[in-house]
Amino acid sequence: MADAAWIENMKRIVLKAVEEGDPCDVILGTVIKDSPVAVQIDQKTTLSETQIIVPEHLTDHEEQMSIPGVGEVSVTVKGGFKNGQRILLLQKRGAQQYVAVGRW
């Protein structure tokens with residue numbers, strides 16, 4: 001009987017470790033406003049721009065490029081969110097801050 005109790009305790013320990021090792025949730029959202037950004041993640045929850053960390057590659061931004069025969073040029077990359085786009089967010093467990101990781 002001691003073995004069965006030991007096995008059950010190990011199961012509980014392993015399950016707790018798995019739960020603790022899952023530090024974020026993957027959330028799907030829809031851009032409902034592009035400036036300032038607002039993203040709806042369900043019928044009741046809309047995230048504001050202050051709640052979303054957006055990496056540079058998902059924004060409109062300037063890039064320097066070297067073109068053979070032309071030299072250094074500055075180009076504008078149009079990577080910002082548009083109304084209606086679906087985006088993928090990561091939410092830190094228990095926090096109200098999200099990181100945008102991509103769109104589809």
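So, how was this worked out
- Residues numbered from 1 in each chain as written.
- Predicted model: local features only at pLDDT ≥ 70, side-chain atom pairs only at ≥ 80, totals over all residues.
- Heavy atoms only, no water.
- Pairing = 2+ DSSP bridges.
- Helix = DSSP H or I, 4+ residues; strand = E, 2+ residues; numbered from the N terminus.
- Salt bridge = Lys/Arg side-chain N within 4 Å of Asp/Glu carboxyl O.
- Buried < 20%, exposed > 50% of the residue type's maximum accessible area, 1.4 Å probe, protein only.
- pLDDT = per-residue confidence, 0-100.
- Patch = residues over 30% accessible without salt bridge, like charges linked within 9 Å, V, L, I, M, F, W, Y side chains within 5 Å.
- Areas by Shrake-Rupley, 256 points an atom, 1.4 Å probe, with all protein chains shown as cover.

Caption draft 1: Focus on the pairing of strand 6 (residues 71-78). Where strand 5 (residues 60-67) meets strand 6, eight bridges bridge the pair, whose relative direction is antiparallel. Among the inter-strand pairings, E62 is bridged to a residue of strand 6, identified as T76. Following strand 5, the chain reverses through three residues before pairing antiparallel with strand 6; G69 in that reversal takes a positive phi of roughly 85°.

Caption draft 2: Up close: the pattern of salt bridges. In the structure shown here, the tally under the stated rule is one salt bridge. Linking E8 and K11 is a salt bridge whose minimum nitrogen-to-oxygen distance equals 3.4 Å. Of the two residues, E8 and K11 are both situated in helix 1 (residues 2-20); the distance of three residues between them amounts to about one turn of the helix. Note on K11: relative accessible area 45%, which makes it partly exposed.

Caption draft 3: Region of the structure containing the confidence of the model for the protein chain. Confidence in the prediction of the protein chain, expressed as mean pLDDT, is 88, and 94% of residues score 70 or more. When pLDDT is averaged over each element of the protein chain, strand 2 (residues 37-40) comes out on top at 96 and helix 1 at the bottom at 76.

Caption draft 4: Representation of a nonpolar patch on the surface in the model. The grouping of W6, I7, M10 and I13 at the surface amounts to a nonpolar patch, some 420 Å² of accessible area in total. Position of I7 among the secondary structure elements: in helix 1. Taking relative accessible area as the criterion, I7 reaches 42% and is therefore assigned partly exposed.

Caption draft 5: Broad picture of the sheet that holds strand 4 (residues 52-53). Taken in spatial order, the six strands line up as 3-2-1-7-8-4 in an open sheet, and their pairing is mixed. Only two strands of the sheet have a single neighbouring strand rather than two, namely strand 3 (46-47) and strand 4. The pairing of strand 1 (residues 24-34) with strand 7 (residues 86-92) spans seven bridges and is classified as antiparallel. Each residue of the ladder has a partner; that of L28, found in strand 7, is L88.

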